Amino acid sequence: MIAFFVRRVLGFAVTLFLAAVAIFAVLNVLPGDPAQFTLGLNASPDAVARLRAQMGLDRPAPERFFDWLFGMLRGDFGQSYTQRAPVAQLIWDRVGVTVPLAVMAMVISALVGLPLGILAARRRGKPLDTALMVLAQTGIAIPNFWFGMLLTLVFAVALRWLPPGGFTPWHENPGLAFRGLILPALALALPQASILARVMRTALVDVTGQDFIRTARAKGLTLGEAVWRHGVRNALLPVLTILGLQFAFLIAGTIIVENVFYLPGLGRLVFNAVLERDLVLVQGATIILVLVVTATMLITDLTYALVDPRLRERTTP
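Residues numbered from 1 in each chain as written. Predicted model: local features only at pLDDT ≥ 70, side-chain atom pairs only at ≥ 80, totals over all residues. Heavy atoms only, no water.

Draft legend 1. Fine view of the overall build of the protein. Scanning the protein from N- to C-terminus turns up 14 helices and two strands. Looking at the protein alone, contacts between residues at least 24 apart form 72% of all its contacts between residues at least 6 apart. Roughly 16900 Å² of accessible area belongs to the protein as shown, and the carbon and sulfur atoms make up 67% of that amount. (Helix = DSSP H or I, 4+ residues; strand = E, 2+ residues; numbered from the N terminus. Contact = heavy atoms within 4.5 Å. Areas by Shrake-Rupley, 256 points an atom, 1.4 Å probe, with all protein chains shown as cover.)

Draft legend 2. Focus on helix α8 (residues 174-207). Helix length check: α8, at 34 residues, gives a terminal C-alpha distance of 43 Å against a target of 50 Å (1.5 Å per residue), a shortfall beyond 12%. One side-chain oxygen of the residue at the start of α8 lies 3.1 Å from the amide nitrogen of Gly 175, identifying that residue as Asn 173. (Expected span 1.5 Å × (residues − 1). Polar contact = N/O pair within 3.5 Å; in protein donor to acceptor, adjacent residues only side chain to side chain.)

Draft legend 3. Structural context of a nonpolar patch on the surface. On the surface, a nonpolar cluster with roughly 1000 Å² of combined accessible area is contributed by Phe 145, Trp 146, Met 149, Leu 150, Leu 153, Val 154, Val 157, Leu 159, Trp 161, Ile 256 and Val 260. When residues of the nonpolar patch are traced back to their parent elements, those giving at least two are α7 (144-158) and α11 (255-260). Among the elements that line the nonpolar patch, the one with the most residues is α7, at seven residues. By secondary structure assignment, the location of Trp 146 is in helix α7. Its relative accessible area of 43% is what places Trp 146 among the partly exposed residues. (Patch = residues over 30% accessible without salt bridge, like charges linked within 9 Å, V, L, I, M, F, W, Y side chains within 5 Å. Salt bridge = Lys/Arg side-chain N within 4 Å of Asp/Glu carboxyl O. Buried < 20%, exposed > 50% of the residue type's maximum accessible area, 1.4 Å probe, protein only.)

Draft legend 4. Region of interest: the UniProt feature "transmembrane region" (unreviewed entry) in the protein. Within this structure's numbering, the places UniProt gives as "transmembrane region" (unreviewed entry) are residues 9-30, 99-120, 132-156, 176-197, 235-261 and 281-307. With 100% helix and 0% strand, residues 176-197 has end C-alpha atoms that lie 31 Å from one another. Measuring from the first to the last C-alpha atom of residues 235-261 gives 36 Å, for a span that is 89% helix and 0% strand. (UniProt positions renumbered as here; feature names shortened; annotations may be inferred.)

Draft legend 5. Main features of the packing of helix α6 (residues 127-141) against α8. Direction vectors running N to C along α6 and α8 enclose 140°, while the axes themselves pass 7 Å from each other. Taken together, the axes of α6 and α8 are oblique relative to one another. Crossing geometry of α6 relative to α8 is assigned as left-handed. Counted together, Asp 129, Met 133, Ala 136, Gln 137, Gly 139 and Ile 140 of α6 and Leu 190, Pro 191, Ser 194, Ile 195, Ala 197, Arg 198 and Arg 201 of α8 form the full contact between these two elements. Residues that form the contact of α6 with α8 fall into these classes: seven nonpolar, three polar and three charged. (Axes fitted to C-alpha atoms, helices over the stretch in contact; angles between N-to-C directions. Parallel < 35°, antiparallel > 145°, perpendicular 65-115°, else oblique. Left-handed = near helix turned anticlockwise from the far one by under 90°. Nonpolar A, V, L, I, M, F, W, Y, C, P; charged D, E, K, R; others polar.)

Draft legend 6. Focus on the packing of α7 against α8. Put simply, α7 and α8 touch, their axes get as near as 8 Å, and they point 140° apart. Relative to α8, α7 is oriented oblique. Note on packing geometry: the crossing formed by α7 with α8 is right-handed. The residues of α8 that touch α7, namely those facing Asn 144, Phe 147, Gly 148, Leu 151, Thr 152, Phe 155 and Ala 156, are Leu 183, Leu 186, Ala 187, Leu 188 and Leu 190. Residues belonging to the contact of α7 with α8 are distributed by class as follows: nine nonpolar, three polar and no charged.

Draft legend 7. Geometry of the nonpolar core. Residues Trp 68, Ile 91, Leu 181, Leu 263, Leu 266 and Ile 287 are the most contacted members of the largest nonpolar core, which totals 49 residues. Counting residues in each nonpolar core, the second largest holds 20 residues, with Leu 196, Met 200, Ile 213 and Val 227 among its members. (Core = buried A, V, L, I, M, F, W, Y, C linked by side-chain atoms within 4.5 Å.)

Draft legend 8. Molecular detail of the pattern of salt bridges. Under the counting rule described, the total for this entry stands at one salt bridge. The residue Asp 129 makes a salt bridge to Arg 201 at a minimum N-O spacing of 2.7 Å. Residue Asp 129 is found in helix α6, and its partner Arg 201 is found in helix α8; the two are separated by 72 residues along the sequence. Taking relative accessible area as the criterion, Asp 129 reaches 4% and is therefore assigned buried. For Arg 201, a relative accessible area of 19% translates into the label buried.

Next comes the structure, spelled out in structure tokens:
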């Protein structure tokens, strides 16, 4: 188990380093001069040169990369030259929106998708199974931003139950902050719940053909009882991986939904920074997203190994 843990942590560190190299390289080969873009086309060459020096753009790329890398290890992500504020503070302020939104969406997707998948597996081959799988396929096909606008029309405009957009900070009114995330979380959760339902059904259908299910039925249990008591726990193993992937996707994929609902989250921060050519802010926010995604996958791998000892045995030298 220790060797498995060490390999996963080393892989996590290598992935982060390669991601940092890729992010820095891509952003620094984009056409256009950020200093010129910030000052405008009518700025004098001397003013542009001074701003480039302030941004550090006049230094060699390798030097700027390692300064950025070692600065992040100290918690210093640089200074945003469009918002005149530390990048770490800007990111921290937005994480309080994006992370709760992703957690809410994942909880909703699990509460909806897993029971539907179990129900479909227990009614395998029957009309209810077919109807649920058609519903799940429809949920996967519907874009979350379109579903979000539909939810806004129904629950915000027509019924006036929930706010159509915007966000009240948690410290000002937690209740309003929570209500402001309900519609975006539902919009994000729809395709994820549909995927979970299909994965859970497939896993349970595979499990029902195993010997231990036949043994349980031979002891007098019905198929539904055998699936619920013995099958669900074994079918959850592949679902753990899907849940980890979904949380990573929800963290990194909130840009569109946050813009639809005008939420001041991390995704919207990245979007605006790209439009403003604020490379320091884009680099910092993107590496944080990569960190969250890779950390989620690391935790998923370790959890899977704890749940399934066979994985540890296969990876033991």
